[in-house]
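Topology and contacts: notes
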Amino acid sequence: MEISSREAWTVIHGLLAGTLFLLAFAGGLAGLWSLRPGFLAPTAIKERMRRLYIGVWVMAAAAWITVISGTWIVYPWYRASLAGDDYSGCAGLALPNAASCSPRDFLKSNVSGQTATWHEFGMEWKEHIGWAAPILATAVAFLVTYYGPRLIPRTWLRVVTIVMFVGAFAAAVVGGAFGAFLNKVAPIV
Amino acid sequence: MASEDKLEKDYEMAPEIAELGLEERPDGPGAAAMLAAGIGLFALGLFTVLSEASAGLHDWLESWDFDKGVGPLAGKTTVAVIVWAVSWIALAIGLRGKDVDLKKWFWVALILGVIGALGTFPPIFLSFAAE
């Protein structure tokens, strides 16, 4: 059983940090949702808030780790220009390789079906919108920490915080879903 | 509404938090966090569009990749994060200890954020590509 360094980084970027983000989101959303007047006793509020503070900051940290590792470590392997302007380095290949055909070359060459749109829409969207996730997640973490139990009586503020929280999640879903599809169609090896 | 009035209203709405001994908190720092997030997303979308529209800006954004092979994405994301962080710091200092209408600040942030997110959508930013 073997895993290359590139595959390991892809796993760290998408599977470990990305999954941590999604798990923290599920817990955070449940925690925020339950901060309703008359729903929790004071001791339960203290305990719930401690978990929520940890959850939202873990989510923000996971989002930063995901986008930084994705952009600065994994993405250069994806976008390397190896195949030449005519993508001749990809001719006859069924999958990209590290020597003559990067994943981007492979997708744009259309040597294995109509794959260029995976890059032009999927990767282009993912690489940009993904950065909205840590910005929004950090803002949410700050709001939750700053207002704390005051979110319970302030329904509007709690809803706004949830909207931002879901926005961070949506951006991560675009990144994660296209990342999974792209790694299936044109894996980084 | 002053912070102390808000806290009294909070206690009326949710008496269970009265036992927690909460201190008063003005809304300025909350507004700063919201608006800075909106500004950060707007910057991300703006740089994504401008990178397509201007070859000069594209090259400048690409110069942020420090030979790592990231291309202009390095500049778009790094500069957007700097804009977000600097605007948050500036707003946090400007609004420290102040009470503001949080709803107004949120709506401005939401509009900026939505415009920014649209700017990262490929059919939109690619339509600005220079010929």
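Residues numbered from 1 in each chain as written. Chains lettered and ligands numbered in written order. Predicted model: local features only at pLDDT ≥ 70, side-chain atom pairs only at ≥ 80, totals over all residues. Heavy atoms only, no water.

**What to know about the confidence of the model for chain B**
Selection rule: Across the chain, each position has a pLDDT score giving the predictor's confidence in that residue, from 0 to 100.
The predicted model of chain B averages 94 in pLDDT, with 96% of residues at 70 or higher. Complex prediction metrics read pTM 0.95 and ipTM 0.94.

**Digging into the side chain of Thr77(B)**
Inclusion rule: Numbering of helices and strands starts at the N terminus; helices are DSSP runs of H or I of at least 4 residues and strands are runs of E of at least 2. When accessible area is computed with a 1.4 Å probe and restricted to protein chains, residues below 20% of their type maximum are described as buried, those above 50% as exposed, and intermediate ones as partly exposed. Identification of polar contacts relies on pairs of N or O atoms within 3.5 Å, with a donor-acceptor requirement for protein atoms, meaning one able to donate a hydrogen and the other able to accept it, and with residues adjacent in sequence counted only if both atoms are side-chain atoms. By definition, residues are in contact when any of their heavy atoms lie within 4.5 Å.
Mapped onto the secondary structure, Thr77(B) falls in helix H4 (residues 72-95). For Thr77(B), a relative accessible area of 0% translates into the label buried. A polar side-chain atom of Thr77(B) sits 3.3 Å from the main-chain carbonyl oxygen of Ala74(B). Residues within four places of Thr77(B) in sequence aside, it is in contact with Thr71(A), Trp131(A) and Leu44(B).

**Topic: the state of the cysteines**
All names here are of chain A. Where we set the bar: Here, the term disulfide refers to a pair of cysteine sulfur atoms separated by no more than 2.5 Å.
The final tally for this structure, using the stated rule, is one disulfide over all chains. For Cys90, the disulfide goes to Cys101, at an S-S distance of 2.0 Å. Judged by the torsion about the S-S bond (95 degrees), the Cys90/Cys101 disulfide is right-handed. One end of the pair, Cys90, is in the loop between helix H2 (42-79) and helix H3 (103-109); the other, Cys101, is in the loop between H2 and H3, and 11 residues separate them in sequence. For Cys90, a relative accessible area of 0% gives the class buried. The exposure class assigned to Cys101 is buried, which follows from its relative accessible area of 0%.

**Thoughts on the layout of surface pockets**
Residue and element names in this part refer to chain A. Note the threshold: Definitions used throughout: a 1 Å grid over protein atoms alone; a cavity as a set of points that fits a 1.4 Å probe which cannot get out; a pocket as an open set with protein on both sides within 12 Å along at least five of seven lines; a lining residue as one with an atom within 4 Å of a point. Grid points are joined across faces, edges and corners, and a volume is the space filled by probe spheres set on the points. Gly is put with the polar residues, along with every residue not named as nonpolar or charged; the nonpolar set is Ala, Val, Leu, Ile, Met, Phe, Trp, Tyr, Cys and Pro, and the charged set is Asp, Glu, Lys and Arg.
Taken as a whole, the largest pocket spans an internal volume of roughly 810 Å³. Around the largest pocket sit 37 residues that line it, and His13, Gly14, Lys126, Gly175 and Gly179 are the ones nearest its centre. Looking at the lining of the largest pocket, the elements with two or more residues in it are helix H1 (5-33), H2, helix H4 (116-129) and helix H6 (155-185). Residue classes in the lining of the largest pocket are distributed as 21 nonpolar, 13 polar and three charged.

**Quick word on the packing of aromatic side chains**
Inclusion rule: Stacked, tilted and edge-to-face are the three classes assigned to paired rings of Phe, Tyr and Trp, where Trp is represented by its six-membered ring and a pair needs centres within 6.5 Å; plane angles under 30 degrees give stacked, over 60 edge-to-face, the rest tilted. Whether a charge sits over a ring comes down to the Lys NZ or Arg CZ being within 6 Å of the ring centre and within 35 degrees of the ring normal.
Under the counting rule described, the total for this entry stands at 19 aromatic pairs over all chains. Taken together, a centroid distance of 5.7 Å and an interplanar angle of 85 degrees make the contact between Trp60(B) and Trp64(B) edge-to-face. We classify Trp64(B) as partly exposed; its relative accessible area is 22%. An aromatic cluster is defined as three or more aromatic residues linked by ring pairs; in this entry it consists of Trp64(A), Trp131(A), Phe142(A), Tyr146(A), Tyr147(A), Trp84(B) and Trp88(B). Between the NZ or CZ atom of Arg36(A) and the centre of the ring of Phe39(A), over which it lies, the distance is 4.6 Å. Above the plane of the ring of Tyr146(A) lies Arg25(B), whose end atom (NZ or CZ) is 5.1 Å from the centre.

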